[in-house]
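Geometric and topological summary
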Amino acid sequence: MRTGLAGLLGGFCVGGLMLLPATGAAAAETRAVIVLDATAQMNAHLGAKTKIDIARASITGALAKLGPGASVSLWTFGGNPQKKCEDRADSLSGQSREATLPALTKALAKIEPKAGRAPAFSAVEEAVKAFGGDKPVSAVLIAGTGDDCAADVCAAARALHDAAPQTKLTVFGLGANEKAAAAYTCAAKAMVGTFTAIKAPADLDKALRQTLADAQVETAKAAPASEAAPPAVAPAKPSTTAIPSPPGTDAGKTAAATPDEAAPAEPPAAPADKPAPPAPAQPEPNVVLSATLAPGLPMLDAGVTWEIFKIVPTPTGQMREADAPLWVGGGGQAKAKLPDGRYKVQLTYGLATASAEVAVEGSRVERTVPLDAGTIAVEALKSPGGDPAVSAFFTLYRQGANDAREEIGRSSIAPAIFQVNSGSYILAATAGLSRLETPVRVESGKVSVVSMALNVGTLAIRTLAAPTAQTALPAWHRLFAEGANPAAKAGAPLVRLSGASPRIDLPAGTYRLETVYGAIRDVRTVSVAAGRTTPENIILDAGEAKITLPSGKQDGVCAVYEAGGERAASPLVRAAGGEPHFILKAGRYDLECRAKNKPDAPRRAEIVIVAGEVKTTNLGE
């Protein structure tokens, strides 16, 4: 793990991505499939925003740039915890693929990350097959975690490429760990695409727009001459609207655009015997701003969000910054053409912020703004010097006066990186029921490396009907602190679990485990050791009994008693319906069933329960 953290510290600076215009393809059809991660991992923060909010904003911004002929499909995985590895959904189900931007935006807003399983590539496969692969298709996977359902993502990608050779896969990993990044890189290459690790919101904005622009170009190249898109027609001039450019836009463009400044529509292609007219020259920026973590350190080359506000006089003669930014951009530098005046510059890098004032007075302004920031690099280990706690979740708090604290960031990446201003912080690491906090002091321009040993182990529960059974039972479990009595009403359990083979990380120690399956209840003591996985196989000696009532009769109510027991005693279990069903320990039992319309005419029988088997008793015979 030391090597992994050191490798991450040596390479967490991300190079800038250049957004190029898709010339000659503005009116071409775009065929794209966007597959969005909706697992609980997308609730984690990447910088100041959650991953799902970053993805929503980037997708909306990229789709707004597409023409009216775009065919876009939006799929998700991880939004329904009950479906697990079958959790794939078409967010535009029942709608035209040429869905309007409002429809796509509405579908994005409804996505609520919930589930823990991530069938990422099977969602890509289903989305591509539903869309059709007879023409070029750009498949875009935006994932905040790795695929934990596919046995071999790379092999599955090769198979999909053979089935749909005109499909190109582009994967954007929002804080993906090394294992997930390696799998997605292999899958993307198998489908003639690329994997990009997203470290900041502006990176996803740029990369996604470029991907969809490339899709337009590829579609235009593949279209026959008879299907060539007609020349674009210049739209009517819109009314003046002052809208800040989203992070990641060209740093030479200002936020406000008047009708006379609106970009003209793409002109028709020039005849072959005449050269194309030169592109209009962009105004030379007169303000160039750079950012650095601390004075004397190299300038940052990506991941910075810039906002420039004009400083204006108030009616009382005071000076204050305008409510809305005049210019917004993203990247290592801010390059803007600004009129003379005074300006307030605000910049954000991860969780670190800074501000400065600049004055433009007819000459070029070049300035480097120090963030007074450092880096926290944190890893969580199961035990001192042990294996990484891969399920760890980190929460960062700002330390205030009088022991007050303010949560400022979260991360599910292991190891995690936080860019913050210098100062005192509290870092909390959580894995299952284990939680550890530690103070962290961050100095400007330096990296604070934190290793947190959670003293945690893993309890792996497997419930079987019989010792020779191969399939685990979907039992319910409750875990209590050592010495707690599960039968007592007072004292809530530490955690409730369900499913065939649940696993949970726990602080090392001893616990009371209660398992319930049908009418069977098992209570035992389990011990968990730090840094180890403790398998707990629970053999219930359980079988099933199905009761078939006389044909044509009304539903009945059946009760099961200990063999030879008194009917005055309470039954072990009751069930009602047309075919009552019981789960019991192996043995012999007395059965008594009464029809709802004849409660005084019971039918009685003896039933035999065999561990791991299902026995049917027919009361109609």
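Below or above, wherever it landed, is the structure these notes cover.

Conventions and cut-offs
- Residues numbered from 1 in each chain as written.
- Predicted model: local features only at pLDDT ≥ 70, side-chain atom pairs only at ≥ 80, totals over all residues.
- Heavy atoms only, no water.
- Helix = DSSP H or I, 4+ residues; strand = E, 2+ residues; numbered from the N terminus.
- Expected span 1.5 Å × (residues − 1).
- Buried < 20%, exposed > 50% of the residue type's maximum accessible area, 1.4 Å probe, protein only.
- Pairing = 2+ DSSP bridges.
- Axes fitted to C-alpha atoms, helices over the stretch in contact; angles between N-to-C directions.
- Core = buried A, V, L, I, M, F, W, Y, C linked by side-chain atoms within 4.5 Å.
- Contact = heavy atoms within 4.5 Å.
- Salt bridge = Lys/Arg side-chain N within 4 Å of Asp/Glu carboxyl O.

1. Remarks on helix α2 (residues 51-64)
For α2, built from 14 residues, the straight-helix expectation of 20 Å at 1.5 Å per residue is met to within 8% by its first-to-last C-alpha distance of 20 Å. Counting buried positions along α2 gives 10 out of 14 residues, so the element sits mostly inside the fold. Buried residues of α2: Lys51, Ile52, Ile54, Ala55, Arg56, Ser58, Ile59, Gly61, Ala62 and Leu63, and no others.

2. Some words on the sheet that holds strand β39 (residues 614-618)
Taken together, the 3 strands give an open sheet; going across it, the order is β36-β33-β39, and neighbouring strands pair in mixed fashion. Taken across any chain shown, the strands that pair with only one partner, and hence form the sheet edges, are β36 (581-585) and β39. Direction aside, neighbouring strands of the sheet carry axes that sit 25° apart on average. Here strand β33 (residues 542-548) pairs with β36 via 5 bridges, running antiparallel. Bridge pairing in β36 links Lys546 to His581.

3. So, the nonpolar core
Counting 32 residues, the largest nonpolar core has Val35, Phe121, Val124, Leu141, Leu169 and Tyr184 as its most contacted members. Of all the elements in the fold, those that place two or more residues in this core are β1 (31-37), β4 (71-77), α4 (120-131), β6 (137-143), α5 (153-163), β7 (167-174) and α6 (178-190). Among the elements that take part in this core, α4 stands out by supplying 7 residues, more than any other. The residues touching Val124, leaving out its near neighbours within four places in the chain, are Val35, Leu141, Leu160 and Leu169. Among the nonpolar cores identified, the runner-up in size contains 30 residues, and Ile52, Ala55, Leu104 and Ile111 belong to it.

4. Things to note about the sheet that holds strand β11 (residues 287-292)
Taken in spatial order, the 3 strands line up as β15-β11-β18 in an open sheet, and their pairing is mixed. Strands with a single pairing partner mark the edges of an open sheet, and in this sheet they are β15 (333-336) and β18 (365-370). Averaged over all pairs of adjacent strands, the angle between their axes in this sheet comes to 15°, without regard to strand direction. Strand direction decides the pairing type here: β11 and β18, joined by 6 bridges, are parallel. Bridging across to β18, Leu289 finds its partner in Arg367.

5. Re the pattern of salt bridges
Using the criterion set out here, one finds 22 salt bridges in the structure. Asp53 serves as the salt-bridge partner of Arg56, at 3.0 Å between the closest nitrogen and oxygen. A residue pair is termed a helical-turn pair when its members lie 3 or 4 positions apart in one helix, as Arg56 and Asp53 do in helix α2 at 3 residues. Residue Glu357 is joined to Arg342 by a salt bridge in which the shortest nitrogen-to-oxygen separation is 2.9 Å. A residue pair is termed long-range when its members are at least 10 positions apart, and Glu357 in strand β17 (residues 352-360) and Arg342 in strand β16 (residues 341-349) qualify at 15 residues. Taking the relative accessible area as the measure of exposure, Glu357 reaches 43% and is therefore partly exposed.

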